[in-house]
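Take a look at the letters that make up each chain.
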Amino acid sequence: MNQKNWWKESVVYQIYPRSFNDTNGDGIGDINGITEKLDYLKELGIDVIWLSPVYQSPNDDNGYDISDYCSIMDEFGSMEDWDNLLDEVHNRGMKLIMDLVVNHTSDEHEWFVQSRSSTDNPYRDYYIWRKGKDGQEPNNWESAFSGSAWQYDELTGEYYLHLFSKKQPDLNWENPKLRQDIYRMMKWWLNKGVDGFRMDVINFISKNPDLPDAPNPDNKKYVGGGQYYMNGPRIHEFLHEMNREVLSHYDVMTVGEMPGVDVEEAKKYTDPSREELQMVFQFEHMDLDSGPNGKWDLKELDLRDLKQSITKWQNGLHGTGWNSLYLNNHDQPRIVSRFGDDEKYRVTSAKMLATFLHMLQGTPYIYQGEEIGMTNVKFESINDYQDIEILNMYQEQVIDGNENHAEIMQAIYAKGRDNARTPFQWDDSENAGFTDAEPWMKVNQNFKEINAKQAVEDENSVYHYYRKLIQLRKNHPIIVYGNYQLILPNDQKIFAYLRNYQSEKLLVVTNFSDDHVNFDLPEDIAFTANELLISNYEIQNETDDQSFTLSPYEARVYKGV
Ligand code: TEU
Ligand code: CA
């Protein structure tokens, strides 16, 4: 692996620790549970582990509300457990990146306890406080977790901003003292040996200083104010400062989670000459099955939209920045249920989706359970759900509002974040081998058929297919460094593209439907296959590599010239 570009040539595995593996019988995943499974990840071919937050937290948003950046959440274990995990990751030649959540803290963080105590406390300006307007909140922004983005605080008679939950007050990045405290904390973790950071909503940290009302044509109680806090006026200045003061002194991998970022902005964030970040997580392809009213407003995916979006990002960042590649994470429903078919064609469609993603240009991210084809879940009762985003939306829409329970449950089944947070399914024993106790969240009851033990033992499993895809990336530089060319842009079932690198070509053909479809290589595309690298069906001695029939959810990758 090319040392300088190790992060371009790596495959990353995201662990949501609460749901990964419980070793002390409290029903909650823990750090020692991760250490216990490192050989499973090494076997899969993983290079880098992205660990979702394990810091001290009251778990209002499952660790994304941090009360102490430099200590480990009691439920997850001790700092010694974490030190041991890092050693064991490094002993296996893997790397570990941590989740940096610095747009906000928990309201139980000492900084906020001080800040809210009085208007002249030295930490007052670490957060965003404003007086109300006409007895209302300072502006009409909506929180991502329903309701106002402002919380009134009796003691000092002012409001504080929280783009997420009431217990996640936004930090004031205009304050240089705050920024220096953040950089000090980052260096503390980097000096412990951490190999980089995934940065939570990092493009939210620079707000429009006027914090203006957002346009509200439908006269709603609160409206999204993203245009005033996404990619804000000083964001590049702050990230460049962070790079200069911290990141540039270490050999690290950085990926910024950026809801609302577009390709033009992403070029700036990931252009190495600007010394900001290496990659971003963008959301365009994750918003294609949402209607105008947001994620809960369900819409059928049109494959042409996905092709257009992926093509824009592949070509937009090629040669300037670098793409991150993902279809799953702890905030998204499981892709085999979302864009595939998790009943009749679960294994086949999971392999097809993985082929589509892993043959693209960029660094692929695998979310825990994706590699064994774990699916979405359907809990009967809303009381089985844990996610604050789901529960606040249900409260607002059904309990306080007039929306229909069954309809809202359908939206939760399709898009709820808890789809990705059911305990990892290790084997077919009780609680899928995740815990010996009552799990913090119910296990998906399909664990008897869908679990890692079965997958490792079955050479035709999704797991072994992922291992082959990851191995291909290591053996064929064209996959990492080649350029990308979409073909058949208007086909509504086939997503096919070419990769070119030096004198080599890859032809990737995937069928996103459960129909048999004919693939005909367009005349203007010069390609002669000389090797079938991977496919999710047994290909009978195919004679014609220019036109063939694809079975439901079939994927093929040919190497040629
Ligand atoms: O997510 C940011 C974010 O925008 C998500 O809330 C996403 O838009 C939404 O969940 C889609 O349903 C990050 C973390 O990944 C998420 O887990 C946290 O809840 C959030 O920030 C606040 O820290
Ligand atoms: Ca535990």
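The model shown is predicted, which means the values in this text are computed figures rather than measured ones.

## Brief notes about the overall build of the protein
Here's step 1: The number of helices and strands found in the protein is 15 helices and 22 strands.
Here's step 2: Whereas a compact globule of 561 residues would reach a radius of gyration of roughly 24 Å, the protein reaches 24 Å, a difference of no more than 12%.
Here's step 3: In terms of its C-alpha atoms, the protein occupies a principal-axis envelope of roughly 80 × 55 × 50 Å.
Here's step 4: Within the protein, the fraction of its 561 residues that count as buried is 62%.
Here's step 5: Considering only contacts within the protein whose residues lie at least 6 apart along the sequence, 71% involve residues at least 24 apart.
Here's step 6: A total of about 21,800 Å² of accessible surface is found on the protein, and carbon and sulfur atoms cover 44% of it.

## Examining helix 8 (residues 303-317)
Note on helix geometry: an α-helix contains 3.6 residues per turn, so any two residues three or four positions apart are oriented the same way.
Here's step 1: Here helix 8 is 15 residues long and its end C-alpha atoms lie 21 Å apart, about the 21 Å a rise of 1.5 Å per residue gives.
Here's step 2: Residues of helix 8 that are buried include every one of Leu-303, Leu-306, Lys-307, Ser-309, Ile-310, Thr-311, Trp-313, Gln-314, Gly-316 and Leu-317, and no others.
Here's step 3: Just past helix 8, the residue Gly-319 takes up positive phi, approximately 85°.

## Considering the site of ligand 1
Here's step 1: Close to ligand 1 lie 17 residues; Asp-61, Asp-200, Lys-295, Asp-331 and Arg-417 are nearest.
Here's step 2: Separating an oxygen atom of ligand 1 from a side-chain N or O atom of His-330 is a distance of 3.0 Å.
Here's step 3: The protein chains hide 92% of the 490 Å² of surface that ligand 1 would expose on its own.

Conventions we followed
- Residues numbered from 1 in each chain as written.
- Chains lettered and ligands numbered in written order.
- Predicted model: local features only at pLDDT ≥ 70, side-chain atom pairs only at ≥ 80, totals over all residues.
- Heavy atoms only, no water.
- Helix = DSSP H or I, 4+ residues; strand = E, 2+ residues; numbered from the N terminus.
- Rg over C-alpha atoms; globule rule 2.2 N^0.38 Å.
- Buried < 20%, exposed > 50% of the residue type's maximum accessible area, 1.4 Å probe, protein only.
- Contact = heavy atoms within 4.5 Å.
- Areas by Shrake-Rupley, 256 points an atom, 1.4 Å probe, with all protein chains shown as cover.
- Expected span 1.5 Å × (residues − 1).
- Near = heavy atom within 4 Å.
- Polar contact = N/O pair within 3.5 Å; in protein donor to acceptor, adjacent residues only side chain to side chain.

On their own, these measurements won't tell you what the molecule is for.
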